[in-house]
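What follows is each chain in one-letter form.
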Amino acid sequence: MTSTFLPDKRTGPDVGVPPPAAERARSRARRRALNWLTATGFQLPALVLFIGLVLLPMLFALYAAFFRWGGFGMPSDYVGGENFTRLFQDEVFLGDLWRCLVLVVLSLVLQLPFALAMAVLLNQRMRGRAVYRMLFFAPYVLSEAITGVLFGMIFAPDDGFADQLLGRIGLDGVGGEWFADPSTVMATLFLVMTWKYFGFHMMLYLAGLQAVPKELTEAALIDGAGPWQRFRNVTLPLLAPTLRISVFLSVIGSIQLFDLVWVTTAGGPDHHSETMAVTMFQYGFKRYQVGYASAISVVMFGISLVFALAYQRFVLRRDLEGATTTMRGEGK
């Protein structure tokens, strides 16, 4: 049987010829435009909320900081930088800056090392490990208002649980006016802060510890390294990115601390536990000096922004460069 090859009827200059370069460029441009419109459509609701609830109020607070304004109507009594000059001559606000620094130092020196020690302990094999983790993390789930009310009752003078417990073990003179005494209010407040927030940092450290390869610690054990040497030379360097994030969150939280202080002490006694956020609230919503309160908010934002940029530039630089390099490598 003989096969006959029939000529292809689709003859002409366009058969098998790819589309022109201009058509391919237009196709790529249409795809890019479609991708951009799709991404914009998904981001638009969040962008509208961010502009309306974050960006515009921030800009208005900066505008109002240059006026003597009680919060009613539009600001009209322009005073220039008078609010900022008054701010740095106010003994209460200068005390707020000092107390903020004290809280930051105490958090870095006491709270975070305690959270790290508990994380290392609960990362070991032990009975009831999951229960302990849940119990230590539970305070963070409670709202600051509930925590403040709870410890307000615990540290109530004479009738509070703390004084009664100390009295039963023969330490009557140790207790007293925990939140009402200027000499003890900051220490008591920091104790409450540690109880409330250390579980969050503990869980961060636990997540970081579980990412440490066991092969490295086992190799160090074979080489004769002791527990402290394994922790210092193997675990701690690999946990460094988590530690840096934890420090950042702790410092920013100390700068912006408000609700826990407001519920427990409202800044008292005699401003000895007041923070910048509490002072801002007092002037803005109690004394109706919204222009001055706006100046406080601008300074708080400036301190947080400067710290965040400096921390990112000098501390988180290695982590960010590693993430950028990984993303670029995956995109190739």
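The text that follows walks through the structure, step by step, so that each part is easy to find.

In this section: unusual backbone geometry. Of note, the bond from G268 into P269 is cis; its omega dihedral lies within 30 degrees of zero at -5 degrees. Residue placement: P269 occurs in the loop between α10 (259–264) and α11 (276–286). At A266, a position not held by glycine, the phi torsion is positive, near 55 degrees. Along the polypeptide, A266 turns up in the loop between α10 and α11. On the basis of relative accessibility, which here comes to 30%, the residue A266 falls in the partly exposed class. In this structure, Y288 takes a positive phi of about 55 degrees despite not being glycine.

With that settled, consider the environment of S107. Structurally, S107 is set in helix α3 (residues 91–122). When the C-alpha positions of S107 and F190 are compared, they lie 8.3 Å apart, and in sequence the two are 83 residues distant. The residues contacting S107, other than those within four sequence positions of it, are L112, P113, F190, S250 and S254.

Where helix α4 (residues 129–141) meets helix α7 (residues 185–210), the axes come as close as 6 Å, and the angle between the chain directions of the two elements is 130 degrees. Between α4 and α7, the interaxial angle falls into the category oblique. When the axes of α4 and α7 are compared, the crossing they make is left-handed. For the pair α4 and α7, contact is made by R133, F136, F137, P139 and Y140 and by W195, K196, Y197, F198, G199, F200, M202, M203, L206 and Q210, respectively. For the contact of α4 with α7, the per-class residue count stands at eleven nonpolar, two polar and two charged.

What follows concerns the packing of helix α8 (residues 214–222) against helix α9 (residues 227–255). A pair of packed helices is characterised by two quantities: the angle between their axes and the separation of those axes. Contact geometry for α8 and α9: axes closest at 10 Å, N-to-C directions at 165 degrees. One way to sum up the angle between α8 and α9 is to call them roughly antiparallel. In this structure, α8 meets α9 at a crossing whose hand is right-handed. In this structure, α8 contributes L216, T217, A220 and L221 to the contact, and α9 contributes R230, V234, T235 and L238. Split into classes, the residues belonging to the contact of α8 with α9 amount to five nonpolar, two polar and one charged.

Before going further, it helps to spend a moment on the nonpolar core. If you look at the biggest cluster of nonpolar residues, it comprises 18 residues, and the most contacted ones within it are L103, F155, V192, M193, L257 and L260. Elements supplying a minimum of two residues to this core: α6 (161–168), α7 and α10. By residue number, the principal contributor to this core is α7, which donates seven residues. The residues touching F155, leaving out its near neighbours within four places in the chain, are A162, W178, F179, T188, L191 and V192. Counting 17 residues, the second largest nonpolar core, distinct from the first, contains F93, C100, V104 and A293.

Time to look at α11. Of the positions making up α11, those classed as buried are M276, A277, V278, T279, Q282, Y283 and G284. Looking at the buried side of α11, the elements it contacts are α2 (82–87), α3, α9, α10 and α12 (290–314). One or two positions beyond α11, positive phi appears at Y288, with a value near 55 degrees.

Next up on the list: the side chain of T279. If you trace the backbone, T279 turns up in helix α11. Given a relative accessible area of 0%, T279 falls into the buried group. Only 2.4 Å separates the side chain of T279 from the side chain of D96, close enough to count as a polar contact. Residues contacting T279, with those up to four places away along its chain left out, are V92, D96, E274 and I296.

A few words on the pattern of salt bridges. Applying the stated criterion across every chain yields a total of six salt bridges. Where E23 meets R26, a salt bridge forms, and the shortest distance between an N and an O atom there is 2.7 Å. Taken together, the positions of E23 and R26, both in helix α1 (residues 21–64) and three residues apart, correspond to about one turn of that helix. Of the residues examined, E23 reaches a relative accessible area of 31% and is grouped as partly exposed. One network of salt bridges, in which partners are shared, links E23, R26 and R30.

Parameters at a glance
- Residue numbers run consecutively from 1 along every chain, following the written order of its sequence.
- Selection of residues for local features in this predicted model requires a pLDDT of at least 70, selection of side-chain atom pairs for listing and counting requires 80 or more, and totals for whole chains, interfaces and linings are taken over all residues.
- Based on all heavy atoms of the structure, the side-chain values leave hydrogens and waters out of the count.
- The way it works is that DSSP assigns letters per residue, a run of H or I at least four long becomes a helix, a run of E at least two long becomes a strand, and they are numbered from the N terminus.
- Exposed residues in this analysis have more than 50% of their type's maximum accessible area, buried residues have under 20%, and partly exposed residues fall in between, with area computed by a 1.4 Å probe over protein chains only.
- It only takes one pair of heavy atoms within 4.5 Å for two residues to be counted as in contact.
- Lines fitted to the C-alpha atoms define the axes, with helices restricted to the stretch that makes contact. Angles between their N-to-C directions range from 0 to 180 degrees.
- For classification purposes, an angle smaller than 35 degrees is called roughly parallel, one larger than 145 roughly antiparallel, one from 65 to 115 roughly perpendicular, and anything else oblique.
- By the definition used in this description, the sense in which the near helix is turned from the far one sets the handedness, with an anticlockwise turn below a right angle giving left-handed and a clockwise turn giving right-handed.
- Here the nonpolar group is Ala, Val, Leu, Ile, Met, Phe, Trp, Tyr, Cys and Pro; Asp, Glu, Lys and Arg are the charged ones; every other residue, Gly included, is treated as polar.
- Buried residues of nine kinds, namely Ala, Val, Leu, Ile, Met, Phe, Trp, Tyr and Cys, make up a nonpolar core once their side-chain atoms join them within 4.5 Å.
- Here a polar contact is recorded for every N or O atom pair within 3.5 Å, except that within protein the pair must consist of a potential hydrogen donor and a potential acceptor, and residues adjacent in sequence are included only if both atoms are side-chain atoms.
- The term salt bridge refers to a pairing of a side-chain nitrogen on Lys or Arg with a carboxyl oxygen on Asp or Glu at a separation within 4 Å.

Scope: geometric values only; no functional claims are made or implied.
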